[in-house]
Amino acid sequence: MPLLTPSTRTPAARIGVALAAVLLAVLLGPPATGEAAPRPAPSADSGAARWAVQPSGPGGPTKRNYFTYDLAPGATITDHVGVTNLGDRPLTFAVYGTDAYTTTDGAFALLPSDRTATDVGAWIGVDRRSWTVQPGKRADIPFRLTVPRNATPGDHTGGVIAAVAQDGVTADGQRVRLDQRIAARVYLRVAGEVRPAVTVESVRVDYDTPLNPIGRADLTVTYRIRNSGNVRVGGTGAVVVDGPGGWTLSRTSPVDLPELLPGAEFTVTERVTGVPPALRLTATVDLAPTTVDTALPPVQRAASVWALPWLLLAAPAVTGAWLYLCRRRRPTSATSAGPGETPGTSGAETARPSATGETAGGAAPGAR
């Protein structure tokens, strides 16, 4: 057999050589020398940078969990935020207000430091931005909240942040600037018309129809809800699965919905197990929304999907096709023809009267 040189190897051979080289490299392990992939995990000594932020007053903490206000447009209020240094060295904090929003997974979050607040965070003013707190001490820092005269009624949510900026080093030795933040939430309701509203914007239903007509499968319901009002809402949501004629096949247990700020949306995915293929399945999303004050009317929206038991439906079609083929293949009833005879006729011809009164093949009656 001729030896294949690199120029004469077939493409398949070259691919095989390359795969063998990769496999050999995996078995032998990584080389002893080389650079590690950069990782952004900081290795700075952050153990000393420990602090707490809480609502406070001129004389200390006030046992409030959040800053909660009900104010009219144009009103101003003064309050305090307590920043406690829990570390073993002095810390300098940047103290400021910012806006809140609901993340796509339903979490409460504050704007990053490089984004400018335009709502309640912009209405919070601190005498100065930088504050230094000694180890083991607390600073009760005053701030003012001024509601613009043209502020829209309803809920406005944000936070008062105490941030520490410090240098860090990544795993590959790069120096970075870390901005660590802790905040106390601010819930402000501006006086005026309150319009709580929750909308189910879309419902999608997916069903894996089983081959077995008496089998069961999972049905997945994905729906998106939006806070279309001007106050924050929560509540619970459930899914009801019905078959033809409103026959209820399954119902999920209510799940807690996250707190949605005005304008926020959230997508929920529910998996309903053990649903039979009942021709047409209808999934109804049933929401029980609430505000911080009261329960709201239920909100419902439905979507349907075909759930055809294909094996059961295919059985009559297969049976009909089999019967049709059997009829096509059945032989027709006919008499075999003898030698010299036309198929389909007997050996003696049948006498038929002719137009002259003679019988076929003979003379008229009485003639010799």
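What you see is a predicted model, and the numbers here were worked out from it, not measured in a lab. In every chain, residue numbers begin from 1 and rise along the written sequence. Since the coordinates come from a predicted model, pLDDT governs what is reported: local features require at least 70, and pairs of side-chain atoms require 80 or more to be given and counted, while whole-chain, interface and lining totals use all residues. With hydrogens and water stripped out, all remaining heavy atoms of the structure feed into the side-chain values.

Q: What exactly am I supposed to notice about the overall build of the protein chain here?
A: Working definition: helices are DSSP H or I runs of at least four residues, strands are E runs of at least two. Numbering for both runs from the N terminus. Scanning the protein chain for helices and strands turns up two helices and 19 strands. Burial analysis of the protein chain (368 residues in total) assigns 34% to the buried set. Considering only residue pairs separated by 6 or more positions, the protein chain has 71% of its internal contacts joining residues 24 or more positions apart. Exposed residues in this analysis have more than 50% of their type's maximum accessible area, buried residues have under 20%, and partly exposed residues fall in between, with area computed by a 1.4 Å probe over protein chains only. Contacts: residue pairs with any heavy atoms within 4.5 Å of one another.

Q: What am I meant to see in the packing of aromatic side chains here?
A: Aromatic rings considered in pairs are described by the distance between their centres and by the relative angle of their planes. Between 30 and 60 degrees the pair is tilted, below 30 it is stacked and above 60 it is edge-to-face, where a pair is any two Phe, Tyr or Trp rings, Trp via its six-membered ring, whose centres lie within 6.5 Å. Taken as a whole and judged by the stated rule, the model has five aromatic pairs. Plain terms: the ring middles of Phe108 and Tyr187 are 6.3 Å apart, the flat faces sit at 55° to each other, and that makes the pair tilted. Placement of Phe108 in strand β6 (residues 108-110) and of Tyr187 in strand β11 (residues 175-190) is noted, with a sequence separation of 79 residues between them. Aromatic rings pair up to connect Tyr66, Phe108 and Tyr187 into one cluster.

Q: Quick question: what am I supposed to make of the confidence of the model for the protein chain here?
A: Atom-level detail of predicted coordinates should not be read off regions where pLDDT is low. Averaged over all residues, the pLDDT of the protein chain is 80; the fraction at 70 or higher stands at 72%. Along the chain, pLDDT gives the predictor's confidence residue by residue, from 0 to 100. Of the regions scoring below 50 in pLDDT, residues 1-44 engages in 19 contacts with residues more than four places distant in sequence or in other chains.

Q: Even after reading the chapter, I still don't get the sheet that holds strand β17 (residues 265-275), so can you show me in this structure?
A: To summarise the sheet geometry, strands pair through backbone hydrogen bonds and adopt either a parallel or an antiparallel arrangement. What makes two strands pair is DSSP finding at least two bridges between them. Strand order in this open sheet of three strands is β12-β13-β17, and the pairing throughout is antiparallel. Each edge of the open sheet is held by one strand with a lone partner, namely β12 (198-207) and β17. Each strand of the sheet is rotated relative to its neighbour by a mean of 20°, with strand direction disregarded. Sheet analysis places β12 next to strand β13 (residues 217-227), joined by nine bridges and oriented antiparallel. The residue of β13 that forms the bridge with Val198 is Asn227. Angular values range over 0 to 180 degrees, each being the angle between N-to-C directions of two axes fitted as lines to C-alpha atoms, with helices fitted over their stretch in contact.

Q: Explanation requested: unusual backbone geometry in the structure shown.
A: Of note, Lys63 is a non-glycine position whose phi angle comes to about 65°, a positive value. With a phi angle near 70°, Leu279 is a residue other than glycine that sits in the positive phi range.

Q: What exactly am I supposed to notice about the environment of Val83 here?
A: Of note, Val83 is situated in strand β4 (residues 76-85). For the pair formed by Val83 and Phe93, sequence separation is 10 residues and the distance between their alpha carbons is 8.7 Å. Leave out the neighbours within four places in its chain, and Val83 touches Trp51, Ala52, Val53, Phe93, Val133, Lys137, Arg138, Ala139, Ile141 and Ala162.

Q: Looking at this structure, I do not really get the environment of Leu91. What am I missing?
A: As for its position among the elements, Leu91 is in strand β5 (residues 91-102). Leu91 sits in the buried class, given a relative accessible area of 2%. Each C-alpha atom, one on Leu91 and one on Arg50, is 9.0 Å from the other, the two residues being 41 residues apart in sequence.

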